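# Chain and residue survey
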Amino acid sequence: MGARGILYILLLACAVPALAAPAQTSEDASRLFAEHCAACHGADRLGAIGPALLPENLGRLRKAEAEKIIVSGRPATQMPGVGDKLTAEQVKALADYIYTPLASVPAWGMAEIAASRVVNVDPASLPDRPQWSADPLNLFTVVETGDHHVTILDGDTNTALARFQSRFALHGGAKYSPDGRFVYLASRDGWISKYDLYTLQIVAEIRVGVNTRNVAVSHDGRFLMAGNMLPHTLVALDARDLTPLQVIPVEGDLKATSRVSAVYTAPPRASFVVALKDIPEIWEIPYADDAGPVMNGFVHSYEKGLEEGIGTGGRFQALRIRSPDILDDFFFDRTYERVMGASRDGAKGLVVDLDIKRKVAEIDLPGMPHLGSGIIFRKDGRDHMATPHLKEAVISVIDMTTWKTVKRIPTLGPGFFMRGHETSPYAWIDVSMGKDKDAIQIIDLDSLEIVRTLRPAPGKTTAHAEFDRWGKTVLISVMEGDGALIVFDAKTLEECARLPMKRPVGKYNVFNKINYSSGTSH
Ligand code: DHE
């Protein structure tokens, strides 16, 4: 157990025992929280050595499950149960309390962000070469949310180079520096961690928000941009040591603020593109030293943005593009000039041209497409994209020249993730949002038919594929507490290895990510 774990236990051991009286008022609940939880989760519930306990951060945990954790603790973590100190009513009161929104949005500005930064290693002192002998570009970062760990896997031998404790509830794709040496991880609690793959250690960490959506890395490797749900901000960081550079308030027309849905990097444009949850705008934030090409087309709104004080005082200025609808979950064409977004009502997709700053097409895409996990592939000499849907048992295939849906491929259920690779004729999908959670289906991208259904762990939720750098193997997650990473031969579709893991969720191949493979997310 690390120092953090020992401190956690000591703090809990010192906690004052609960009073016997049942908790009936919010005052009682806040007192119980102060006695039993505040030492690790923060008196303000914003998190300390334990995660933040706010409804926004607990979205993936049902209240009944939270009550069980209060009573019995969380196995394989530093959270002990306090059931022996509380009545059933007090447990319920505590659970209700942590699912109650805070009276006001907590302050998490530059001062709090800067104060949270921890630098473990001076980046200038790091050696130039990997301290191990695997292919550095065929590593996978595997996020295991079962016990909040990350495994660094050698994709040639399917053996772990390292396994380390991560921040609580990592979410979203791991992002790499352009040379593939560093990996950046974001937690739902707002922590961004920079990990050095050459020396297998965490270099620096910083808490950019109370509830964070994701982080993007500029294609030149100089900057990170993190997007927050709480507070409504974007935070720019220096990629070298995570020094915070600028906090950008996310404020649109009429001063309405918005949660950030996700931040993406658009390499050919040298900009970050931001999807917003609450206002019908797309933001583009150029990061090149000379941001001329992007700015020139949009001088008026750029000036307007400055007048309105958007991101004032910093190098990162947001160009705000009005959209006909609130758009979520972006997918880009190869040029990054056109962005597809899903409309909020889940009935259609829109294509917005970032150069001419307006909608150029509507796409027939009902059933909540999960565009972020779509893929691009070539068919009949043209780019096509394919996307799963969260609410419909179908994969939609769209011609990216005409933006027409050319085929709907029926599947066993709605799915979350899709993957392909330049060398493979197949795309791999899960159907984990339906009753056949254990099935993986394989689509032939020429015939656009399903050619195989695999059930490698019958009865267990199985999802999220990623190819190795050569396209020889495909790694799939059995997303259960006692789960596994299963390695398949990408040609024969036969299993070749099975590694036990604790709810492995996402896995990210260095080469495929830094080369923006069209078969994977970026
Ligand atoms: Fe995710 C990526 C949004 C729930 C696992 N998810 C993303 C991204 C967004 C997003 C915007 C892209 C960010 C990036 O990679 O930089 N996810 C959402 C939601 O809105 C949703 C539905 C609700 C929520 O709670 O936020 C949601 N996501 C989940 C889950 O329940 C999953 C399955 C498990 C978990 O632990 O949260 C989950 N999301 C993932 C994964 C990725 C991801 C594995 C990265 C995919 C990739 O291959 O790049």
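Refer to the structure presented above.
Residues numbered from 1 in each chain as written. Predicted model: local features only at pLDDT ≥ 70, side-chain atom pairs only at ≥ 80, totals over all residues. Heavy atoms only, no water.

## Section: the side chain of Thr473
Our working rule: Numbering of helices and strands runs from the N terminus; a helix is a DSSP stretch of H or I covering at least four residues, while a strand is a stretch of E covering at least two. Polar contact is the term for a pair of N or O atoms within 3.5 Å; when the atoms are in protein, one must be able to donate a hydrogen and the other to accept it, and sequence-neighboring residues count only if both atoms are side-chain atoms. Contacts between residues were defined by any pair of non-hydrogen atoms, one from each residue, lying within 4.5 Å.
With respect to the secondary-structure elements, Thr473 resides in strand S30 (residues 473-478). At 2.6 Å, the side chain of Thr473 forms a polar contact with the side chain of Asp468. What Thr473 contacts, discounting residues up to four positions off in sequence, is Glu466, Phe467, Asp468, Val487, Phe488, Ala490 and Cys496.

## Concerning the coordination of the iron atom of the ligand
To keep things clear, this is the line we draw: Metal donors were taken as nitrogen, oxygen and sulfur atoms no farther than 2.8 Å from the ion, or 3.2 Å where the ion is Na, K or Ca. Water is excluded, so coordination may look unfinished.
What the protein offers the iron atom of the ligand as a donor is a single atom, His171 (NE2), at 2.2 Å. Relative to the helices and strands, His171 resides in the loop between strand S4 (159-165) and strand S5 (175-176).

## Overview of unusual backbone geometry
Working note: non-glycine residues mostly have negative phi, and peptide bonds are mostly trans. Basically, it comes down to this: For each residue, the accessible area found with a 1.4 Å probe, counting protein chains only, is set against the maximum for its type, and the residue is called buried under 20%, exposed over 50%, and partly exposed in between.
Here the amide bond leading from Leu230 into Pro231 is cis, since omega sits at -10°, within 30 degrees of zero. Secondary-structure assignment places Pro231 in the loop between strand S10 (223-230) and strand S11 (233-238). In the Ramachandran plot, Leu242 falls in the positive-phi region, its phi being about 65° despite a non-glycine side chain. Tracing the backbone shows Leu242 in the loop between S11 and strand S12 (244-249). Non-glycine residue Ala270 carries a positive phi angle of around 50°. For Ala270, the location among the structural elements is in the loop between strand S13 (260-266) and strand S14 (271-276). With relative accessibility at 14%, the residue Ala270 sits in the buried group.

## Details of the sheet that holds strand S21 (residues 375-379)
Strand-to-strand pairing in sheets goes through backbone hydrogen bonds, with the strands running parallel or antiparallel. Heads up, the condition is: In this analysis, strands are considered paired if DSSP registers two or more bridges between them. Structural elements are reduced to axes, namely lines fitted to C-alpha atoms, with helices fitted over the stretch in contact, and the angle between N-to-C directions of any two is expressed from 0 to 180 degrees.
A sheet is described by the order of its strands in space; here 4 strands give the open sequence S21-S22-S23-S24, paired in antiparallel fashion. Edge strands, defined here as strands with exactly one partner in the open sheet, are S21 and strand S24 (405-410). Neighbour to neighbour, the strand axes of the sheet diverge by 25° on average, direction disregarded. Pairing geometry for strand S23 (residues 394-399) and S24, over 5 bridges, is antiparallel. Within the sheet, the bridge partner assigned to Ile398 lies in S24 and is Thr405.

## Remarks on the packing of aromatic side chains
The test is simple: Stacked, tilted and edge-to-face are the three classes assigned to paired rings of Phe, Tyr and Trp, where Trp is represented by its six-membered ring and a pair needs centres within 6.5 Å; plane angles under 30 degrees give stacked, over 60 edge-to-face, the rest tilted. For a lysine, the NZ atom is tested; for an arginine, the CZ atom; a charge sits over a ring if that atom is within 6 Å of the ring centre and within 35 degrees of the ring normal.
In the structure shown here, the tally under the stated rule is 12 aromatic pairs. Summarising the aromatic geometry, the rings of Phe223 and Phe316 are spaced 5.1 Å apart at their centres and angled 85° between planes, so their arrangement reads as edge-to-face. Taken together, the residues span a long stretch of sequence, with Phe223 in strand S10 and Phe316 in the loop between helix H8 (299-307) and strand S16 (319-322) at a distance of 93 residues. Judged by its relative accessible area of 7%, Phe223 is buried. Members of the aromatic cluster, each reached through a chain of ring pairs, are Phe223, Phe272, Tyr287 and Phe316. Sitting above the plane of the Tyr97 ring, Arg45 keeps its charged end 4.9 Å from the centroid. Here the guanidinium or amino end of Lys194 rests over the ring plane of Phe182, the centre of that ring lying 4.1 Å away.

## Looking at the site of the ligand
Heads up, the condition is: Near, as used in this document, describes a residue that has one of its heavy atoms within 4 Å of the molecule or strand being considered. The residue classification treats Ala, Val, Leu, Ile, Met, Phe, Trp, Tyr, Cys and Pro as nonpolar and Asp, Glu, Lys and Arg as charged. All others, Gly included, are polar.
Around the ligand, the surrounding shell holds 19 residues, and the nearest of these are Arg60, His171, Lys175, Arg419 and Ser521. Separating an oxygen atom of the ligand from a side-chain N or O atom of Arg419 is a distance of 2.4 Å. Within the side chain of Ser521, an N or O atom sits 2.4 Å from an oxygen atom of the ligand. Secondary structure elements with two or more residues in the shell around the ligand: strand S9 (211-217), S13 and strand S33 (504-509). With 3 residues, S33 is the single largest residue contributor to the shell around the ligand. In terms of residue class, the shell around the ligand is made up of 5 nonpolar, 8 polar and 6 charged.

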